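Residue-level structural notes
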Amino acid sequence: MIRKVAIIGLGLLGGSIGLAIREHAAGISTAGYDSDAGVRDAAKARGLVANVCETADEAVRAADLVILCVPVGAMEEAARSFADALPGGAIVSDVGSSKQSVGNALAAALPGRTIIPAHPVAGTEQSGPEAGFSSLFTNRWCILTPGADADPHAVEAVSAFWTKLGANVEIMDAEHHDLVLAVTSHIPHLIAFTIVGTASDLEEVTRSEVIKYSAGGFRDFTRIAASDPVMWRDVFLSNKSAVLEMLGRFSEDLTALQRAIRSGDGDTLHDLFSRTRAIRRQVIEEGQDDDRPDFGREDHS
Ligand SMILES: NC(=O)C1=CN([C@@H]2O[C@H](COP(=O)(O)OP(=O)(O)OC[C@H]3O[C@@H](n4cnc5c(N)ncnc54)[C@H](O)[C@@H]3O)[C@@H](O)[C@H]2O)C=CC1
Ligand SMILES: O=C(O)C(=O)Cc1ccc(O)cc1
């Protein structure tokens with residue numbers, strides 16, 4: 001039974017969890033800490049958590065569940081910062097976009113403690129304490145990656161927590177998570193960063209035309225490519241092997257398409273585009289597309 005949640009890192013994810021608890025789980029009390037004093041002030045002003053603390057130690061006092069919502073590369077340091085104050089029976093979790101490295105980092109910082117890593121597959125290109133909104137997790141997946149020896153009661157408690165916030169929970173091995181997310185999230189972001197970077201390297205006159213005429217495709221890429229640089233630097237460095245593995249396959253497929261275009265092989269292009277069109281239709285049929293019309297584009301506060 002979770003009565004008090006401590007949130008470490010009060011940006012998009014941490015703030016959204018605080019707001020979602022206030023809306024969907026009012027019986028749970030909240031405290032939070034962020035290492036940036038400006039973020040703490042903004043969190044107080046928006047009421048992201050009931051108690052914005054001056055130290056991580058103070059935030060985790062009496063907590064049943066501590067959720068780390070900091071960039072993946074900062075997880076270990078953030079966990080060490082409250083290690084001595086963590087209550088005996090508390091569960092420690094996180095929201096990091098990669099799971100094997102975070103699981104290892106938390107285990108190193110908090111030996112012998114109950115750690116249930118998690119990844120709500122929900123977010124936007126925005127970051128910071130002004131970006132959070134209470135419906136972020138509604139009808140989105142939250143993947144838990146507990147170790148093989150994890151306490152099943154703790155897994156159940158974290159699962160019930162995310163269900164309360166509106167998410168659909170799935171349990172997965174951390175290595176599998178990292179491979180799947182490399183292809184569904186990390187590489188798509190890498191492609192967006194690359195294509196927008198390529199466009200911005202063009203000659204001045206062409207670049208202004210790219211902006212002026214940017215239609216659907218490029219416009220969508222610019223949204224993704226506006227995502228937080230620290231967060232994404234850490235994702236690629238932490239999920240290195242899965243990203244490199246999937247990137248290898250992607251490059252091979254791209255080379256095959258390059259060859260098809262050069263040789264005028266329309267059948268290969270048509271076959272691929274037919275297959276990918278069918279996948280998009282399946283995504284929509286299975287309700288995985290986000291039907292919030294302004295999702296990720298407007299102010300959600
Ligand atoms: N942005 C997104 O769409 C999604 C992000 N995630 C994951 O969530 C985590 C947080 O991402 P966002 O909320 O988007 O980032 P954010 O940049 O909005 O917030 C992170 C906050 O952590 C604070 N912080 C950094 N080091 C700290 C430390 N040692 N102690 C306390 N606070 C510290 C920063 O000051 C910042 O306010 C990342 O691990 C990311 O991979 C997961 C799903 C979606
Ligand atoms: O803004 C988008 O399109 C996203 O893909 C958000 C996102 C970013 C990182 C995650 O780990 C999960 C979701």
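Parameters and conventions
- Counting from 1, residues in each chain are numbered in the order their sequence is written.
- Lettering for chains starts from A, numbering for ligands starts from 1, and both go in the order in which the items are written.
- Where totals are concerned, whole chains, interfaces and linings use all residues; where local detail is concerned, this predicted model gives features only for residues with pLDDT of at least 70, and gives and counts side-chain atom pairs only at 80 or more.
- Think of the side-chain values as coming from all heavy atoms in the structure, minus any hydrogens and water.
- Helix and strand assignments come from DSSP, with helices taken as H or I runs of at least 4 residues and strands as E runs of at least 2, each series counted from the N terminus.
- Note on exposure labels: buried denotes an accessible area under 20% of the residue type's maximum, exposed denotes more than 50%, and partly exposed covers the range between, all computed with a 1.4 Å probe on protein chains only.
- When DSSP finds two or more bridges between two strands, those strands count as paired.
- Orientation is described by lines fitted to C-alpha atoms, with helices fitted over the stretch in contact, and by angles between N-to-C directions that extend from 0 to 180 degrees.
- Note on definitions: salt bridges are taken to be side-chain nitrogens of Lys or Arg within 4 Å of carboxyl oxygens of Asp or Glu.
- One heavy atom suffices: a residue is near a molecule or strand as soon as one of its heavy atoms comes within 4 Å of it.
- Two N or O atoms form a polar contact when they lie within 3.5 Å of each other; inside protein one atom must be a possible hydrogen donor and the other a possible acceptor, and for residues adjacent in sequence the pair counts only when both atoms belong to side chains.
- Values of accessible area rely on a 1.4 Å probe in the Shrake-Rupley scheme; residue burial ignores everything except the protein chains shown.
- Just so you know the grouping, Ala, Val, Leu, Ile, Met, Phe, Trp, Tyr, Cys and Pro go in nonpolar, Asp, Glu, Lys and Arg go in charged, and all remaining residues, Gly too, go in polar.
- The split of the chain into domains comes from an automatic or database domain assignment.
- A contact between two residues is defined here by any heavy atoms of the two lying within 4.5 Å.
- Each of two parts loses accessible area, computed with a 1.4 Å probe, when they are put together; buried area is these two losses added.

Identification of the chain as Prephenate/arogenate dehydrogenase family protein from Erythrobacter ani is taken from an unreviewed UniProt entry.

Concerning unusual backbone geometry
The backbone of Ala62 sits at a positive phi, close to 65 degrees, despite the residue not being glycine. Within the secondary structure, Ala62 sits in the loop between helix H3 (56-60) and strand E4 (65-68). Judged by its relative accessible area of 57%, Ala62 falls in the exposed class. Of note, the phi angle at Asn139 is positive, near 60 degrees, even though the residue is not glycine. Along the chain, Asn139 turns up in the loop between strand E7 (118-120) and strand E8 (141-144).

Focus: the sheet that holds E7
Spatially, the three strands line up as an open sheet ordered E7-E8-E9, and their pairing is mixed. Looking along the sheet, the strands with just one partner apiece sit at the ends: E7 and strand E9 (168-171). When strand polarity is set aside, the average angle formed by the axes of neighbouring strands in this sheet is 20 degrees. Inspection of the sheet shows E8 paired to E9 by four bridges, in the parallel sense. In the sheet register, Ile143 faces E9, and the bridge partner there is Glu170.

Quick look at the pattern of salt bridges
Oppositely charged side chains are able to pair whenever their charged atoms sit close together. Applying the stated criterion to the full structure yields eight salt bridges. With its nearest N and O atoms 3.4 Å apart, the salt bridge here joins Asp64 to Arg3. You can see Asp64 sitting in the loop between H3 and E4 and its partner Arg3 sitting in the segment before strand E1 (4-8), a full 61 residues away along the chain. The salt bridge involving Glu54 is made with Arg40; its shortest N-O contact spans 3.3 Å.

Quick word on the site of ligand 1
Near ligand 1 there are 28 residues, and of these Leu13, Asp34, Val70, Ser97 and Gly128 occur at the shortest range. Separating an oxygen atom of ligand 1 from a side-chain N or O atom of Asp34 is a distance of 2.6 Å. In this structure, Ser97 approaches ligand 1 through a side-chain N or O atom, which is 2.7 Å from an oxygen atom. When ligand 1 sits alone it has 840 Å² of accessible area, and the protein chains cover 88% of it. Counting only elements with at least two residues in the shell around ligand 1, the list comes to helix H1 (12-24), helix H4 (75-82) and E7. A per-class count over the shell around ligand 1 returns 16 nonpolar, 10 polar and two charged.

Examining the site of ligand 2
Within the structure, ligand 2 sits among Ser97, His119, Ala122, Gly123, Thr124, Glu125, His189, Arg223, Ile224, Met231 and Trp232. At a separation of 2.7 Å, an oxygen atom of ligand 2 approaches a polar side-chain atom of Ser97. The separation between an oxygen atom of ligand 2 and a polar side-chain atom of Arg223 is 2.8 Å. Considered on its own, ligand 2 offers 340 Å² of accessible surface; in the complex 84% of this is hidden by protein. Mapped by element, the contributors of at least two residues to the shell around ligand 2 are helix H9 (216-225) and helix H10 (229-238).

Some details on the domain arrangement of the chain
Where interface size is given, it is often the accessible area lost as the parts come together that is meant. If you check the domain split of the chain, you get domain 1 (4-172) and domain 2 (176-264). If you average the C-alpha positions of domain 1 and of domain 2, the two centres end up 29 Å apart. Across the boundary between the two partners, domain 1 contributes 17 residues, which contact 15 residues of domain 2. Taking both partners together, domain 1 and domain 2 bury about 1200 Å²; carbon and sulfur atoms supply 62% of that area. The largest contributions to the domain 1 side of the interface with domain 2 come from Ser97, Glu125 and Met172, which together make up 41% of the buried area. Applying the counting rule to domain 1 against domain 2 returns one salt bridge. Where domain 1 packs against domain 2, one counts eight residue pairs in polar contact (both at pLDDT 80 or more). The residue inventory of the side of domain 1 that touches domain 2, partitioned by class, reads six nonpolar, nine polar and two charged.

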